[in-house]
Amino acid sequence: MGATIDWLRTTTPGLLVLCGLAIAVLLIAIIKVKLEPFVALLLTGLLLALAAGLPIAQIVGTPLKAGESLLETGFGGILGHIAVIIGLGTVLGAILERSGGADVLTDKLLKMFGEKGAPVAMGLLGLIFGIPVFFDIGIFVLAPLVYVAAKRGGRSLVLYAMPMLAGLSMTHAFLPPHPGPVALGGLLGVSLGWLILMGFVCGIPGFLAAGIVWGTYIGKRVQVSVPEEFVPLEPEPEPSGGSGGTAVITKSPPSVALIGGIIAIPLVLILGATFGYQLLDKDSTLLQVLTFFGTPAVALLITVLVAFYLLGIRRGSTVQELSTITAESLKPVGMVLLVVGAGAFFGKVISATGIGTALADTMSAAGLPIIVLAYLISCGLRIAQGSATVAIVTTGGIVAPLVAEQGYSQMSIALIAMAIAAGSIILSHVNDGGFWIIAKYFNMTVKQTLQTWTVLETILSVVSFAVAALLFSIV
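Cut-offs used in this document
- Every residue gets a number counted from 1 within its own chain, in the order that chain's sequence is written.
- Predicted model: local features are reported for residues with pLDDT of at least 70 only, side-chain atom pairs are reported and counted for 80 or more only, and whole-chain, interface and lining totals are derived from all residues.
- The basis for every side-chain value is the complete set of heavy atoms in the structure, and neither hydrogens nor water enter the calculation.
- Strands are runs of DSSP state E lasting at least 2 residues, helices are runs of H or I lasting at least 4, and numbering of each runs from the N terminus.
- Each radius of gyration reported is based on C-alpha atoms, and the globular scaling rule is 2.2 Å times the count of residues to the power 0.38.
- Any residue under 20% of the maximum accessible area for its type is buried, any over 50% is exposed, and the rest in between are partly exposed; the area is computed with a 1.4 Å probe on protein chains only.
- Contact criterion: two residues are considered in contact whenever any of their non-hydrogen atoms come within 4.5 Å of each other.
- For accessible areas, the Shrake-Rupley method is used with a probe of radius 1.4 Å. Any residue's cover is judged against the shown protein chains and nothing else.
- Charge counting follows a simple rule: Lys and Arg are positive, Asp and Glu are negative, and His as well as the terminal groups are ignored.
- The atoms used to mark charge sites are NZ of Lys, CZ of Arg, CG of Asp and CD of Glu.
- What counts as an axis is a line fitted to C-alpha atoms, over the stretch in contact for a helix, and the angles between N-to-C directions run from 0 to 180 degrees.
- Here the angle decides the label: under 35 degrees means roughly parallel, over 145 means roughly antiparallel, 65 to 115 means roughly perpendicular, and every other value means oblique.
- We call Asp, Glu, Lys and Arg charged. Ala, Val, Leu, Ile, Met, Phe, Trp, Tyr, Cys and Pro are nonpolar, and the rest, Gly among them, are polar.
- Only protein atoms enter the 1 Å grid used here, on which a cavity is any set of points holding a 1.4 Å probe that cannot leave and a pocket is any open set flanked by protein within 12 Å on both sides along at least five of seven lines; residues with an atom within 4 Å of a point are listed as lining.
- Grid points are joined across faces, edges and corners, and a volume is the space filled by probe spheres set on the points.
- A residue's pLDDT is simply how confident the predictor is in it, with values from 0 to 100.
- We call a pair of cysteine sulfur atoms a disulfide whenever their separation is within 2.5 Å.
- Pairing of aromatic rings covers Phe, Tyr and Trp, the last through its six-membered ring, and needs centres within 6.5 Å; plane angles under 30 degrees mean stacked, over 60 mean edge-to-face, and all others mean tilted.
- Expected helix span is computed as 1.5 Å times (number of residues minus one).
- What the bend at a residue measures is the angle between two axes, fitted to the seven residues ending there and to the seven starting there.
- Note: crossing handedness is left-handed where the near helix turns anticlockwise from the far helix by less than a right angle, and right-handed where it turns clockwise.
- Under the rule applied, a polar contact is a pair of N or O atoms within 3.5 Å (in protein, one hydrogen donor and one hydrogen acceptor; residues adjacent in sequence only if both atoms are side-chain atoms).

Asker: Hey, could you run me through the overall build of the protein chain in this one?
Answerer: For the protein chain, the count of helices and strands is 22 helices and zero strands. Here the C-alpha atoms of the protein chain give a radius of gyration of 23 Å, agreeing with the 23 Å that 2.2 N^0.38 yields for 475 residues. For the C-alpha atoms alone, the extent of the protein chain along its principal axes is close to 70 × 55 × 45 Å. The burial tally for the protein chain puts 55% of its 475 residues in the buried class. Intrachain contacts of the protein chain at a sequence separation of at least 6 include 80% that bridge at least 24 residues. Summed over its atoms, the accessible surface of the protein chain is roughly 18800 Å², and 68% of this surface lies on carbon and sulfur atoms. Positive and negative charge centroids in the protein chain, built from 22 and 22 side chains respectively, lie 7 Å apart.

Below is the structure:
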């Protein structure tokens, strides 16, 4: 028995077996026992630490000092990086939602593309509105607009829904301020500016292949009608769904230029800081200004304040109404942050046990590139337990030590992050909550949802990973 324990704790094969057992326990806890991912990740991390023989003081600290323990540094390190960003991003999405921004974007895009180009317009709507809005909230807000477009066009609901869903999924998986990409920034030590840039570079081809090409193809072959009870008489200036509460808009809807400009503010500020750091002298005043305003938390705070004024105060809303919307929008964020924090703790334990080094040795011996390894691990976790966030934070924790050892450039690390993000959305099926939301909202059977949405997610994953892997091999 003692020899077996020593083998598990000190040899490369033993550490890999230990890692595999830990992940198996995690998946059983989530899938079979139905534990919340937060609880399952925390429990599995503690069990792995104990099984690996780590000192108790290292795992949880002492009664007098716990600040340097794996438990607190695992949670605190990542939450200090992402909590403010996710919180502000959520508030921004809520304000844009209540302002009627989705309605004005829809009307503008439908006029630009016409009836035949309506599916493409729906795809762009999902892509644009998905940047500041969480995936499920995006579905709740945009679904009624898709119903109207499908009813007017007289064709299958699938033809209009798939492009919109591809846009929402692409932004949710690859772009900050969504939880997965933001968490990867903290876990892998890569700036959000590079994640934004590589997110667009890798995600757009996937969006086009999955949303436009596949969406058009399957939309002509899977016929789904729009039930009358699903269709509002006309798109309302106050969209339904989201988190409820008082709408910001009290007068005419905002302009498309205003909505687009507000969405662009944080992207421009963050990218300005990223490229300023590459191009300007490190002591220059301009770089200091760009760095301050381009810090993600500052950039999003500025954007939220601008949105409060332009979409709220200037249009007749009170500060109390805006505060109510802010409070309501932040209610679902707590569990997201807990899952990410627990996943970071799990990854911290994996790093402390030496499993990361063992994986690096095995990978080198097998000749498997790190970006492929990251993608495959993320795919496996996603398929097994359904949550993209769990797949991302768990994979990020596993590969973070490997990334740190190799001394990759920021661009290369961002591409590895994109591979993890791509893996986290593959093959959405019955263990994914999003699968059932889509089946319900778009009037599809399980078979039809598998034929349409599941294939869409897989195409988006594979194409985006292929772009990331190609660029990684070049740089």
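Next, the rest of the story.
Asker: Help me understand the packing of helix H1 (residues 2-10) against helix H2 (residues 12-31), please; the structure alone is not making it clear to me.
Answerer: Helices that pack against each other are described as a pair by the angle of their axes relative to one another and the distance between those axes. Two elements in contact, H1 and H2, have axes separated by 5 Å at closest approach and are oriented at 85 degrees. Between H1 and H2, the angle is such that the two are roughly perpendicular. Counted together, Trp-7, Leu-8, Arg-9 and Thr-10 of H1 and Thr-12, Pro-13, Gly-14, Leu-15, Val-17 and Leu-18 of H2 form the full contact between these two elements. Residues that form the contact of H1 with H2 fall into these classes: six nonpolar, three polar and one charged.

Asker: How should I be thinking about the layout of surface pockets in this particular structure?
Answerer: Picture a little ball the size of a water molecule; that probe, rolled over the atoms, points out where space is still empty. Approximately 1100 Å³ is the volume found for the largest pocket. If you trace the largest pocket, you find 45 residues lining it, with Asp-136, His-172, Val-336, Ser-387 and Thr-389 closest to the centre. Counting residues per element, the lining of the largest pocket draws most heavily on helix H5 (residues 70-98), which supplies six residues. Its residues assigned to classes, the lining of the largest pocket shows 22 nonpolar, 15 polar and eight charged.

Asker: I would appreciate a short explanation of the confidence of the model for the protein chain in the present structure.
Answerer: Of all residues in the protein chain, 92% have pLDDT values of 70 or greater, and the mean over the chain is 85. Per-residue pLDDT stays below 50 along residues 232-249; that stretch engages in 53 contacts with residues further than four places along the chain or on separate chains.

Asker: How do you make sense of the state of the cysteines when you look at a structure like this?
Answerer: Scanning all chains against the criterion turns up zero disulfides. Residue Cys-379 stays outside any disulfide, its sulfur separated by 14 Å from that of Cys-202, the closest cysteine.

Asker: What am I meant to see in the packing of aromatic side chains here?
Answerer: The way to describe two aromatic rings as a pair is by their centre distance and the angle between their planes. Per the stated rule, a full pass over the model turns up nine aromatic pairs. Taking 6.2 Å as the distance between ring centres and 70 degrees as the angle between the ring planes, the aromatic pair formed by Tyr-147 and Phe-442 counts as edge-to-face. One end of the pair, Tyr-147, is in helix H8 (residues 135-153); the other, Phe-442, is in the loop between helix H21 (433-441) and helix H22 (446-474), and 295 residues separate them in sequence. There is no split in this pair, since Tyr-147 and Phe-442 are both buried. Each ring, one from Phe-435 and one from Trp-436, has its centre 5.2 Å from the other, and the planes form 80 degrees; the classification is edge-to-face.

Asker: Any chance you could explain H8 here in plain terms?
Answerer: Since the α-helix turns once every 3.6 residues, residues separated by three or four places project in the same direction. The end-to-end C-alpha distance of H8 is 25 Å, a good match for the 27 Å that 19 residues give at a rise of 1.5 Å each. The sharpest bend along H8 comes to roughly 40 degrees, located at Leu-142, with the proline Pro-144 sitting one to four residues further on. The buried fraction of H8 is high, at 16 of 19 residues. One or two steps after H8, the chain reaches Gly-154, where phi turns positive at roughly 70 degrees.

Asker: Explanation requested: the packing of helix H12 (residues 256-279) against helix H14 (residues 296-312) in the structure shown.
Answerer: For the pair H12 and H14, interaxial distance at closest approach is 8 Å and the crossing angle is 165 degrees. The angle between H12 and H14 places the two elements in the roughly antiparallel class. Judged by the twist between their axes, the crossing of H12 over H14 is right-handed. Across the interface between the two elements, Leu-258, Ile-259, Ile-262, Ile-265, Pro-266, Leu-269 and Ile-270 from H12 touch Pro-296, Ala-299, Leu-300, Ile-302, Thr-303, Val-306, Ala-307, Leu-310 and Leu-311 from H14. Its residues assigned to classes, the contact of H12 with H14 shows 15 nonpolar, one polar and no charged.

Asker: Please explain the side chain of Ser-329 as it appears in this structure.
Answerer: On the secondary structure map, Ser-329 appears in helix H15 (residues 319-330). Within the structure, Ser-329 has its side chain in polar contact with the backbone oxygen of Thr-326 (distance 2.8 Å).

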